[in-house]
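Here is what each chain is made of, one letter per residue.
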Amino acid sequence: MTDPVLALKDVTLRLNGNAGMVEILHGITLDVHKGETLGLIGPSGSGKSSLLMIMGGLERASGGSVMALGQDLTALNEDGLARFRRDHMGVVFQSFHLIPTMTALENVATPLELAGKPDAFELARAELEAVGLGNRADHYPAQMSGGEQQRVALARASAPRPKILLADEPTGNLDGVNGDAIIKMLFDLRDRHGATLVLVTHANALAEKCDRVIRLTDGRVAPDQAQAAE
Ligand SMILES: Nc1ncnc2c1ncn2[C@@H]1O[C@H](COP(=O)(O)OP(=O)(O)OP(=O)(O)O)[C@@H](O)[C@H]1O
């Protein structure tokens, strides 16, 4: 088998909470291969978002190693991590993180411009149309519903055709029809561009489509799945 696109070994995460230091992730070992779609499921507070943030280099592991496309993320500084994400990753957060002073079109076009695409705005418009938001291109985030903002965030993350797409509850705020459109877009990214997807989800419709599903409980891969994770 080819080298994994993402390889986590004994990853721990400790954060300072109100009650002092808490260990959020306790030794996660997990490989994700090229073109694979991995679903992360588990109860609220089990560490799914934290794990996704570590995979995206947005949170630093307290211990263990995190390799992405052969690069040791723990060895990169903040600039290096930002460059790595720009060149290889799309990340969709639970809270979308759209830039409030930019329209939907500008939000989606920005990473394309940063990637040096001369036709950034045309590509961005096509991507917004793909998520059913062609008619909202000139709207600002505050003028859009939660589900619409979520679709803009997904369009922005997928427009540069990243090798890795990490998404936290990508269908979380959407009804059936819009959720199906997002699922189609995510899987097109895999089928047509070979992207590797890691999706945190509570939605059965999405989890069922994943090649593999890993369940977290209390910051650990559930014991019956630990073998499958490697
Ligand atoms: N910055 C932080 N400081 C301290 N504790 C944190 C911090 N961020 C998250 N936690 C704790 O880490 C645990 C895991 O949180 P995380 O958001 O990863 O869970 P989750 O499985 O994604 O939950 P949900 O499904 O509710 O989004 C929770 O107990 C949470 O309270």
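Residues numbered from 1 in each chain as written. Predicted model: local features only at pLDDT ≥ 70, side-chain atom pairs only at ≥ 80, totals over all residues. Heavy atoms only, no water.

Asker: Mind laying out the pattern of salt bridges, listing which residues take part and the relevant values?
Answerer: Evaluated as defined, the whole model comprises 10 salt bridges. Linking Glu36 and Arg212 is a salt bridge whose minimum nitrogen-to-oxygen distance equals 2.8 Å. Of this pair, Glu36 sits in the loop between β2 (20-32) and β3 (37-41) while Arg212 sits in strand β9 (residues 212-217), placing them 176 residues apart in sequence. Here Glu36 matches Arg212 in class, with each residue buried. Residues Glu78 and Arg60 are paired through a salt bridge, measuring 3.5 Å at the closest nitrogen-oxygen approach. Within this pair, whereas Glu78 is found in helix α2 (residues 78-88), its partner Arg60 is found in the loop between α1 (48-55) and β4 (63-68), the two being separated by 18 residues in sequence. Taken together, the shared-partner salt bridges in this structure form one network comprising Lys184, Asp188 and Arg192. (Salt bridge = Lys/Arg side-chain N within 4 Å of Asp/Glu carboxyl O. Helix = DSSP H or I, 4+ residues; strand = E, 2+ residues; numbered from the N terminus. Buried < 20%, exposed > 50% of the residue type's maximum accessible area, 1.4 Å probe, protein only.)

Asker: Can you break down the sheet that holds strand β1 (residues 6-17) residue by residue, with the values?
Answerer: With antiparallel pairing, the four strands of this open sheet are ordered in space as β2-β1-β4-β5. With partners counted over all chains shown, the strands left at the sheet margins are β2 and β5 (71-72), one partner each. The pairing of β4 with β5 spans two bridges and is antiparallel. Considered in β5, the bridge of Met67 is made with Asp72. Here α1 sits on the sheet and contacts β1, β2 and β4; the angle it forms with β2, its principal contact strand, is near 65 degrees. (Pairing = 2+ DSSP bridges. Contact = heavy atoms within 4.5 Å. Axes fitted to C-alpha atoms, helices over the stretch in contact; angles between N-to-C directions.)

Asker: Which residues make up the pairing of β2, and what values do they have?
Answerer: Successive residues of a regular strand alternate their side chains across the two faces of the sheet. Bridge analysis of β1 against β2 gives 10 bridges, and the strand direction is antiparallel. Bridge assignment links Leu15 to a residue of β2, and that residue is Val22. Connecting β1 to the antiparallel partner β2 that follows it, the hairpin turn spans two residues.

Asker: Tell me about α2, and name the residues and values.
Answerer: Every buried residue of α2 is listed here: Gly80, Leu81, Phe84 and Arg85. Along α2, the residues classed as buried sweep out an arc of 135 degrees about the axis, all on the same side. Seen from the buried face of α2, the exposed residues on the opposite side, beyond 90 degrees, are Glu78 and Asp79. Where α2 is buried, its residues meet β4, β5 and β6 (89-92). (Arc of directions from axis to C-beta.)

Asker: Give a detailed account of the packing of helix α5 (residues 146-158) against helix α6 (residues 176-193), specifying residues and quantitative values.
Answerer: Helix-helix packing is described using two parameters, namely the angle between the two axes and the distance between the axes. As a packed pair, α5 and α6 sit with axes 11 Å apart at the nearest point and diverge in direction by 10 degrees. One finds that α5 runs roughly parallel with respect to α6. Of α6, the residues touching α5 (which contributes Arg151, Leu154, Ala155 and Ser158) are Asn178, Ile182, Met185, Leu186 and Leu189. The residue makeup of the contact of α5 with α6, split by class, is six nonpolar, two polar and one charged. (Parallel < 35°, antiparallel > 145°, perpendicular 65-115°, else oblique. Nonpolar A, V, L, I, M, F, W, Y, C, P; charged D, E, K, R; others polar.)

Asker: Quick rundown of unusual backbone geometry? Include the residues and the values.
Answerer: Here the phi dihedral of Asp10 falls at roughly 50 degrees; this positive angle occurs in a residue that is not glycine. Its identity as a non-glycine residue notwithstanding, Leu69 has a phi of 50 degrees, on the positive side. With respect to the helices and strands, the residue Leu69 is situated in the loop between β4 and β5. The partly exposed category is assigned to Leu69, whose relative accessible area is 33%.

Asker: Lay out the pairing of β9 with the relevant residues and their values.
Answerer: Of the two faces of β9, the one lined by Arg212, Ile214 and Leu216 is fully buried and the one lined by Val213, Arg215 and Thr217 carries no buried residue. In this sheet, β9 lies alongside β3 in parallel orientation, the contact comprising four bridges. Paired with Leu38 across the bridge in β9 is Arg212. Pairing geometry for β9 and strand β10 (residues 220-221), over two bridges, is antiparallel. Note on β10: the bridge partner recorded for Thr217 is Arg220. Here β9 folds back onto β10 in antiparallel fashion, the turn holding two residues, of which Asp218 has a positive phi close to 50 degrees.

Purely geometric numbers; function is a separate question.
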